[in-house]
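Chain and residue survey
Residues per chain are reported as follows:
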Amino acid sequence: MKKTILAGALAVAGTMGLMAQNAKAQDITLCWAAWDPANALVELSKDFTTETGIGMKFEFVPWPNFADRMLNELNSGGKLCDIMIGDSQWIGGGAENGHYVKLNAFFDKEGISMDDFAPATVYAYSTWPKGTPNYYALPAMGDANGWFYRKDWFSKPELQAEFKKKYGRDLGEPKTQKELMDIGRFFQGREIDGKKRYGVNIFTERGSEGITMGATGAMYAWGFKYENTPGKYDMEGAVNSPAAVEALEFYKELYECCTAPGYTDSYMQESLDSFKSGQVAMAMNWFAFFPGLYKDENVGGDNIGFFVNPAQNVAASTLGGQGMSVISYSDKQDEALAYIKWFAQPDVQAKWWSLGGYSASNSVLNSPTFKDSQPFAADFLEALAGVQDFWQEPAYAELLLAMQKRLHDYVVADKGTAKEALDKLIVDWTETFEDEGKL
Amino acid sequence: MAITSSIDRLADRAAGATPPQMRHTVRGLSDRGIAWLFIAPTIVLLLAINIFPLLWTLYLSFTNFKANRIGREIKWIGTRNYERILADADIWETLQVTAHFLFWTIALQVLIGFTLAWLINRQFKGHSFWTTVIVLPMMLSPAVVGNFWTFLYQPQIGLFNYAVSFFTGIDPSSFQMIGSVNLAPWSIVIVDTWMWTPFVMLICLAGLRSIPDYIYEAAEVDRATPWRQFWTITVPMVMPFLMLAVLFRGIENFKMFDLVVELTSGGPGSVTELASINLKREAFEKWRTGYSSAFAIILFVTVFGAANIYVKALNRVKQR
């Protein structure tokens, strides 16, 4: 009897072990940054598991370490990730170094058309070489740098009157970068509800990409270009153009006139902290954070307003967002592709938006109800129409760190002039492109 | 004689217990051979994890290799990386920042560490308690210390600014320790000094306690003043310990990374970008492996050369 029970137990245990092994074999790992949209994706992905039986595991890394951690993983040919939601700038390296699977054949086979996604996102997140129909990612998370402000402060009658008297216009969402600075100055050091407040929070972070993402917001608005002729790497006269110099001087002035003390290394989290703690009237950040901000009990709801990056010479915003790629080192590419096929469906995209993710699908963005679906939805569409991105070259990290250094040296450390900073940047970038054999 | 014969008997017994095959092999080895047999694993490990990487780094420093571009052809570019580094104004700036950090941290730590050790050595009431309290910062993780001090330095809520304000009357939010170009280099010096002075103090304390009392007693018999005793007995006898502390702190601070990254990330701009931070950025963020290898070799030769000269000076002081 004992032997029978033992044999039965072993059989059950063996079967369960086999089942567990099968389930484990079908699990796939998705790698991304640790932030609000990632939590929404976890929620969304439960439907995928229900439909296909493929389990989802997630590897989320905080933004300051995201690029370091994940690029190391890719460069070492690691198998941690089956799917990568990688930054737009990684697409060149991902394609040329063979980290990402080319998706053209898969898209053709499954009837996934890039025409179904916003052109700016396809260009930025999916194609390499830029603009060619060679796809290495599905646009997963549309994003841009935008602004939010304390609507409750802006609507105070005494402040409105004082602002109108001083600047001759209503205190409201700025239409230009210079208007934004006026509002920043107006709030700087002002006492509201018994506390000292400040004008703005802008990106000044040194270590990863912060100050570049922030300053280029102003530079693009002034008409900044990386090259005179796209693809020629002829940067002299473009990168250090008078408009670029003026924009960089503006960003430095904005930092000096209107930020709270101590924000010399400020990026996404610091922006949220300074706003939520009631220190600043306005702050820049990625649209991805706006749903969370709107839900905030203290500063959200009726107390918050959103606006697109103000134009100066042109309407433009810094591109954020990511595409979804399949890792070429993965042993579970079929399951990963199945996830991408599922994710591309219009109803899944609609749910993605409703959960707090930013869909890049035309079926969502062009829907008649989209603009009114969230208080920042219309601004998001406007931003998406004018997004510009940093270099997406395989050597992007080298190019980015050079810009981080030159901008931080000038804006925060007050070293040299804007023209000198941009001149030095051209020298750095020229050296990199020479090393790359592109110049 | 008796001892020799008992050792012989013991050796015979051990030889008898050795299996015949192994006995044959061992008998074929000389003493030198057996010695090599024992140290071989260590030598192999040393070669694998120290010497080979060093030689490989040396080789890479003459190439255009980038670790994130595995498929790319590796080109031998001679001394171009070295020429670039030595002609790079940013690298020289980084080395100046490192030199400033090294000089002031060591100077302050030696001065304060020695003073504290001298006071603790007076054996006043509660000196053991104060020794423990003083040593506490050294026991913390540098990452924790860095994070902790970023809050202390925060101009709006930081205790450091309030303490300065309390003693000087300056508005606490009127200055930024880690955001100011002029103050940031000092902010990292202060934190490193806070953290590592106890280490210097402990070494000095060991030195002070190693001085025999009779020397002071003899000096007192000779009517030497305390001042004279300090300069002619205490300082010379503690000097080798002090020099050792300087050597340890010098090597440690030359490669300082974690504390400063947590505090300032090398900013504002590059005013606190030490050589190690710059090296890490070149090697693992920009992925310029060849270039960063050359920089690493330059730093290695500098530290190795300086440490050798210093150790020779230390030996001379010891022999006096």
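Residues numbered from 1 in each chain as written. Chains lettered and ligands numbered in written order. Predicted model: local features only at pLDDT ≥ 70, side-chain atom pairs only at ≥ 80, totals over all residues. Heavy atoms only, no water.

1. A few points about the environment of S141 of chain B
All names here are of chain B. The following threshold applies: Where helices and strands are cited, they refer to DSSP runs of H or I of at least four residues and of E of at least two residues respectively, numbered from the N terminus. When accessible area is computed with a 1.4 Å probe and restricted to protein chains, residues below 20% of their type maximum are described as buried, those above 50% as exposed, and intermediate ones as partly exposed.
Here S141 lies in the loop between α6 (127-135) and α7 (142-152). Accessibility expressed as a relative area gives 36% for S141, which makes it partly exposed. Once the C-alpha coordinates of S141 and L259 are considered, the two residues, 118 residues apart in sequence, prove to be 8.8 Å apart.

2. Digging into the domain arrangement of chain A
Residue and element names in this part refer to chain A. Put simply, the test is: What fixes the domain bounds is an automatic or database domain assignment. In what follows, residue pairs with any heavy atoms lying within 4.5 Å of each other are defined as contacts. Throughout, the accessible surface (probe 1.4 Å) given up by two parts as they are put together, summed over both, is called the buried area. We define a salt bridge as a side-chain nitrogen of Lys or Arg found within 4 Å of a carboxyl oxygen belonging to Asp or Glu. Any pair of N or O atoms that falls within 3.5 Å is considered a polar contact. Within protein, one atom must be able to donate a hydrogen and the other to accept it, and sequence-neighbouring residues count only if both atoms are side-chain atoms. Any residue that is not Ala, Val, Leu, Ile, Met, Phe, Trp, Tyr, Cys, Pro, Asp, Glu, Lys or Arg is counted as polar, Gly included; the first ten are nonpolar and the last four charged.
Annotation of chain A at the domain level lists domain 1 (2-143 + 321-388) and domain 2 (145-318 + 395-435). Each of domain 1 and domain 2 was reduced to a C-alpha centroid, and the two centroids are 30 Å apart. Facing the 24 residues of domain 1 at the interface are 23 residues of domain 2. Summed over both sides, the interface of domain 1 with domain 2 buries roughly 2,000 Å², with 63% coming from carbon and sulfur. Where domain 1 touches domain 2, the interface holds zero salt bridges. Summed over the shared surface of domain 1 and domain 2, the number is six residue pairs in polar contact (both at pLDDT 80 or more). Of all the secondary-structure elements, those providing two or more residues to the side of domain 1 that touches domain 2 are α2 (36-52), α3 (63-75), α18 (377-384) and β13 (387-388). When its residues are assigned to classes, the side of domain 1 that touches domain 2 shows 14 nonpolar, five polar and five charged.

3. Some points on unusual backbone geometry
For the peptide bond that leads from W128 of chain A to P129 of chain A, omega is -5°, which places it in the cis range. Inspection of the secondary structure puts P129 of chain A in the loop between α6 (119-126) and β4 (138-141). Cis peptide bonds are those with omega within 30 degrees of zero, and the linkage from G267 of chain B to P268 of chain B qualifies with 0°. The residue P268 of chain B is located in the loop between α12 (258-263) and α13 (275-284) in this model. Its identity is not glycine, yet W287 of chain B carries a phi of approximately 65°, on the positive side. For W287 of chain B, the location among the structural elements is in the loop between α13 and α14 (289-319).

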